[in-house]
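Below are the chains, spelled out letter by letter.
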Amino acid sequence: MKRFALTGAAGYIAPRHLKAIQEVGGELVAALDVVDAVGALDRYFPEAAFFLHPELFEAHLEDLRDRGEGVDYVSICVPNFLHGAHIRMAFRVGADALCEKPLVLEPSELDRLAELEARSGRRVWTVLQLRVHPALVALRERLLGEGGVKDVELTYITGRGPWYLRSWKAREELSGGVAMNIGVHFFDLLHWLFGALERAELHVRTATTMAGYLELERARVRWFLSIDARHVPEALRAQGQRTYRSIRIEGEEVEFSGGFTELHTEVYRRTLAGAGFGIEAARAAIETVDRLRRLEVVRARNGQRHSLVA
Ligand code: NAD
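Owing to the predicted nature of the structure, the values given are computational and were not obtained by experimental measurement. (Residues numbered from 1 in each chain as written. Predicted model: local features only at pLDDT ≥ 70, side-chain atom pairs only at ≥ 80, totals over all residues. Heavy atoms only, no water.)

**So, the site of the ligand**
Here's step 1: If you check the shell around the ligand, you find 26 residues, and the closest are Asp-33, Asn-80, Gln-129, Trp-168 and Lys-169.
Here's step 2: In the environment of the ligand, an oxygen atom lies 2.9 Å from a nitrogen or oxygen atom belonging to the backbone of Ile-13.
Here's step 3: Within the side chain of Lys-169, one N or O atom sits 2.4 Å away from an oxygen atom of the ligand.
Here's step 4: In the complex, the protein chains occlude 86% of the 840 Å² of accessible area that the ligand would expose alone.
Here's step 5: Put simply, the ligand lies in the largest pocket.
Here's step 6: Here the residues of the shell around the ligand are counted per class, giving 13 nonpolar, nine polar and four charged. (Near = heavy atom within 4 Å. Polar contact = N/O pair within 3.5 Å; in protein donor to acceptor, adjacent residues only side chain to side chain. Areas by Shrake-Rupley, 256 points an atom, 1.4 Å probe, with all protein chains shown as cover. 1 Å grid on protein atoms, 1.4 Å probe; cavity = no way out; pocket = protein on both sides within 12 Å on 5 of 7 lines; lining within 4 Å. Sits in = over half its atoms within 2 Å of the grid points. Nonpolar A, V, L, I, M, F, W, Y, C, P; charged D, E, K, R; others polar.)

**A few points about empty space enclosed by the protein**
Here's step 1: Going through the model one piece at a time under the given rule, you end up with two cavities of 30 Å³ or more.
Here's step 2: In this structure, the largest cavity occupies an estimated 50 Å³ of space.
Here's step 3: If you go around the largest cavity, the residues you meet are Leu-143, Leu-144, Gly-147, Gly-148, Lys-150, Leu-193, Phe-194 and Arg-218.
Here's step 4: Space inside the second largest cavity adds up to approximately 30 Å³. (Points joined across faces, edges and corners; volume = space filled by probe spheres on them.)

These results come straight from atomic positions and should not be treated as a statement about function.
Here it is in structure tokens:
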């Protein structure tokens, strides 16, 4: 049975990790958060030790390691800017890190993590759950079979309330901004389906919405990313839907709004089997977001404008 510790236990995403640890037959032995709203632990691992101070959590994990009862994995569910530091903590206590997306905020940090992996002999894995979404796995297989360069429109709307703009998620230096925090899924998906980036343009950049045009090895992509639920198509919004994820390839739509929240367990299964998503898997999307950050907004040309861009 694999032994886990987890950081960020009071947050939104932590219960999906707790459930995944349980579903892969693992055991959570220790958890950390800097706030104490961690009642969710009782639902999954009522016996787990809990710490409010990172130093005490790390000292506990060191003690366990030295008694031969160390953890195999530290699951990292803290704000993005802390990922690198918590991955290092995992390595120091002799564990692999299973870290939420985006793995880090800058491409140069990936190189540093690769050095630390080599030195420690431990691995870092991340959560790129769209790569295990059944509809998208089937799509990728079909596309690889067909070949050619596709015309693609990608729409990715995950409505968030006013709290978002007041949280760490809206602060560029803590989250990487909307393109990194939300878009990293979407850019990873594009690279995984269509290959490396060749050209990028940015058409919209606001606090809640980004849009642009990308040329990849196997696609020309008009993309639109937003956390503003008003962009969800009217008919779906009327049914209370605040999320809309759609990829239209040569006019044919694959909708993947559903099934998104059930994928962490599959990511855990793969990670435990040594076939998870590591530094090199994470690299392309982080580099693309980094490139977009430096781009000036330009006016979209006809044929390169997403249909939701005015
Ligand atoms: P959140 O703000 O709800 O939770 C973060 C938690 O980390 C909070 O409980 C906070 O108190 C805690 N924290 C802050 N500093 C800490 C520290 N130094 N030590 C320990 N705990 C600390 O955020 P969230 O939405 O749960 O996001 C957490 C991570 O999960 C982020 O990296 C985010 O990008 C990622 N995420 C992934 C998905 C996905 O679909 N894969 C979805 C949402 C969030």
